[in-house]
There are 2 protein chains.
Amino acid sequence: MTDGQILGIDIGGTKLAVGLATPEGGLLARERRPSGMVDGPDAVIGRVVEMARAVISEAGTGAGEVTRIGIGCGGPLDPWRGVVLNALNNAGWIDIPLTDRLSDALGAPAYLDNDANAAALGEHRFGAGRGTANMVYLTVSTGVGGGVIAGGRLLRGENGNAAELGHLTVDAHGRPCQCGSVGCLEAYASGTNIAARAREALAACDEPSRLRSGPVADLTAADVSAAAEAGDPLAARVWSETTTLLGAGISSMIHAFNPSLVVLGGGVTAAGDLLLGPVRRAAAERTMPWLHEVVRIVPAELGDRAGILGAVAVALDGPRTLAERPTSHVHGRTDA
Amino acid sequence: MTDGQILGIDIGGTKLAVGLATPEGGLLARERRPSGMVDGPDAVIGRVVEMARAVISEAGTGAGEVTRIGIGCGGPLDPWRGVVLNALNNAGWIDIPLTDRLSDALGAPAYLDNDANAAALGEHRFGAGRGTANMVYLTVSTGVGGGVIAGGRLLRGENGNAAELGHLTVDAHGRPCQCGSVGCLEAYASGTNIAARAREALAACDEPSRLRSGPVADLTAADVSAAAEAGDPLAARVWSETTTLLGAGISSMIHAFNPSLVVLGGGVTAAGDLLLGPVRRAAAERTMPWLHEVVRIVPAELGDRAGILGAVAVALDGPRTLAERPTSHVHGRTDA
């Protein structure tokens, strides 16, 4: 089938983004709205369908020209059945057959994956990862998530939940994590936890710090990186611990997956070289030479197109990789 | 091609094992000798060829009945070219075209992979992992190594070094590791490091312990587990830290790969339920429910056949998975 235009739908905790794109990733039109997930799946699906019709109309696309629909959504979900199991831990979002619902409403086959896998597929097809066969995508944002391309294919695992890279242990005796474990990468490196660690450091001492100049409860990760860059010693310590543990986590990913590229996305990467420089050094110190010599750590390229183009990449990748579920006792055996 | 008999060759740091097997993993004959790697590649390859001819003769196999040769060897190596880059860090073993040498001498196509990948393929085809599509194999022995089956395929990575699972960071501020990093799983859970940690614990206090009953320099991981089982408090603390960090490392692997099975092999697993019980509990505490609910942690099944049957599995898997190298800028792009 020759691809016409592709609808990319990004369902996030705070916003919905819908765009229409060419198979080469050219954006023809897009819309963004608050998601209002608490209104429940019927309302949100209705909103998404309206947005899709609006972008189709805006682009002047005719009937039948949209050939596929791709959807990125918070997990856990089942990409093979296209069902959201529990979106963003939101009560009404249990077992929602999202691909069937959107396919019926919009008249094209739909494909679903979680937002981090979608972003990984987007960077792989359209962004920093073009041409790579082995790539790790890591988003460092409110939380820390990931997606992995291994041997040219998205790594899905047994039930679609591979690459939960924010929950690799980096300090087994360390900080409690929201997931219930201890010492996860996310417990240090997410934006939320960078700010929380700064508040803890401030509460533990009387040392002067620029971070005390406003209400401590409102501190963000961006405040911490800005103060560290300005030479504030307390902020610099918090930031240094952040980059050390992020480097350790990335080193674990390099030992696990032996990628040629690690792509860093998410809001915390807005700190630029203040993040990338020390993270690259920490990862280099911790990684075997023959793994390190083939890998680069680079920023993501898609910026505010990441959500929509990730969903478009899900639509383009899905027909090839979701047709058969390589799951134990189904297509399990490796036969020569 | 219908498979006849398959030669499995396991080149280890201390021993060579060569066996002849059916494609179903039935062992027809085998031999074992000290490897003497320091004698250099020519001598060792000569020894392996002699052993191969001996097992072929012992099994009464006729000319042309051996259709493939599989080789497992310490890395780093290049499985696609069949070249050992630096076997077991042994000086004479640099850039040895092992598959060409053995194929020429023995008259059948040869396939090579590292020993941990070979053991993973062996357990997947013939042992505890039969029928699984997503499996992690972890060997806990003198060192800690691994091999991963993802979506029915061995995970190789960019240059064949994926699944260096002993070098996932479990405590970023922890013990130095032989690899040059800090806080690797291997720095806690390998047999060598379990014994070293017990010696450090003994040196750090005067607490009575059964572990002081012999020369402390001769302590082994088996001594530590036996003393822990007998109720020795110091040994129990060392053992508990071992199983906690092994559980944390396995939890990282489950979050990375979302497997249905984690197979534990290697000498340290001789401790049986004393290891498995607390490792399962530690991994469960640290793993997200939707990942934990699909995974089991089980002992390896192949025992002293692991080396040979792993190599046989390399021979059976190689023609399918080594034909094309899915490496960046070669077969890199994911196209729908």
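For the structure given in this document, a descriptive report is provided here. Fair warning: this is a prediction, and the values are worked out from it, not measured in the lab.

### Considerations on helix α1 (residues 41-58) of chain B
Residue and element names in this part refer to chain B.
Here is step 1 of the chain: Helix length check: α1, at 18 residues, gives a terminal C-alpha distance of 25 Å against a target of 26 Å (1.5 Å per residue), a fit within 8%.
Here is step 2 of the chain: Buried residues of α1: Pro 41, Val 44, Ile 45, Arg 47, Val 48, Val 49, Met 51, Ala 52, Val 55 and Ile 56, and no others.
Here is step 3 of the chain: For α1, the secondary structure elements touched by its buried residues are β1 (5-11), β2 (15-21), β3 (27-34), β4 (66-73), β7 (94-96) and α2 (98-106).
Here is step 4 of the chain: Phi for Gly 60, located one or two positions after α1, is positive at around 70 degrees.

### A word on the sheet that holds strand β8 (residues 110-114) of chain A
All names here are of chain A.
Here is step 1 of the chain: Ordered by their spatial adjacency, 5 strands build an open sheet running β3-β2-β1-β4-β8, and the pairing between neighbours is mixed. Either end of the sheet is taken by a strand with one partner, and the two such strands are β3 (27-34) and β8. Going from strand to strand, the sheet's axes swing by 15 degrees on average, the running direction of each strand aside.
Here is step 2 of the chain: Contacting β4 (66-73) and β8, helix α3 (residues 115-126) crosses the sheet at an angle of about 105 degrees to β8.

### Quick word on the pattern of salt bridges
Residue and element names in this part refer to chain A.
Here is step 1 of the chain: According to the stated counting rule, one finds 26 salt bridges over all chains in the structure shown.
Here is step 2 of the chain: Taking the shortest distance from any N to any O, the salt bridge between Asp 10 and Lys 15 comes out at 3.4 Å.
Here is step 3 of the chain: Judged by its relative accessible area of 28%, Lys 15 is partly exposed.
Here is step 4 of the chain: One salt bridge in this structure joins Arg 81 and Asp 78, with 3.1 Å as the shortest N-O distance.
Here is step 5 of the chain: Through salt bridges that share partners, Asp 113, Arg 156, Asp 317 and Arg 320 make up one connected network.

### A closer look at the packing of helix α3 (residues 115-126) of chain B against helix α10 (residues 306-321) of chain B
Residues and elements named next belong to chain B.
Here is step 1 of the chain: One way to put it is that α3 packs onto α10 with a least axis distance of 7 Å and a crossing angle of 85 degrees. One element, α3, and the other, α10, form an angle in the roughly perpendicular class. Contacts between α3 and α10 pair Ala 118, Ala 119, Leu 121, Gly 122, Arg 125 and Phe 126 from the former with Leu 309, Gly 310, Ala 311, Val 312, Ala 313, Val 314, Leu 316 and Asp 317 from the latter.

### A closer look at the interface of chain B and chain A
Here is step 1 of the chain: Counting residues at the interface gives 63 residues for chain B and 62 residues for chain A.
Here is step 2 of the chain: Roughly 5,200 Å² is buried in total at the junction of chain B and chain A, and carbon and sulfur atoms are behind 52% of that figure.
Here is step 3 of the chain: Linking chain B with chain A are 0 salt bridges.
Here is step 4 of the chain: Our count for the chain B to chain A interface comes out at 32 residue pairs in polar contact (both at pLDDT 80 or more).
Here is step 5 of the chain: Residue assignment for the side of chain B that touches chain A shows that the elements contributing at least two residues are α3, α7 (233-257), α9 (289-292) and α10 of chain B.
Here is step 6 of the chain: Of the residues contributing to the side of chain B that touches chain A, the split by class is 24 nonpolar, 24 polar and 15 charged.

What counts as what
- Residues numbered from 1 in each chain as written.
- Chains lettered and ligands numbered in written order.
- Predicted model: local features only at pLDDT ≥ 70, side-chain atom pairs only at ≥ 80, totals over all residues.
- Heavy atoms only, no water.
- Helix = DSSP H or I, 4+ residues; strand = E, 2+ residues; numbered from the N terminus.
- Expected span 1.5 Å × (residues − 1).
- Buried < 20%, exposed > 50% of the residue type's maximum accessible area, 1.4 Å probe, protein only.
- Contact = heavy atoms within 4.5 Å.
- Pairing = 2+ DSSP bridges.
- Axes fitted to C-alpha atoms, helices over the stretch in contact; angles between N-to-C directions.
- Salt bridge = Lys/Arg side-chain N within 4 Å of Asp/Glu carboxyl O.
- Parallel < 35°, antiparallel > 145°, perpendicular 65-115°, else oblique.
- Buried area = accessible area lost by both parts, 1.4 Å probe.
- Polar contact = N/O pair within 3.5 Å; in protein donor to acceptor, adjacent residues only side chain to side chain.
- Nonpolar A, V, L, I, M, F, W, Y, C, P; charged D, E, K, R; others polar.

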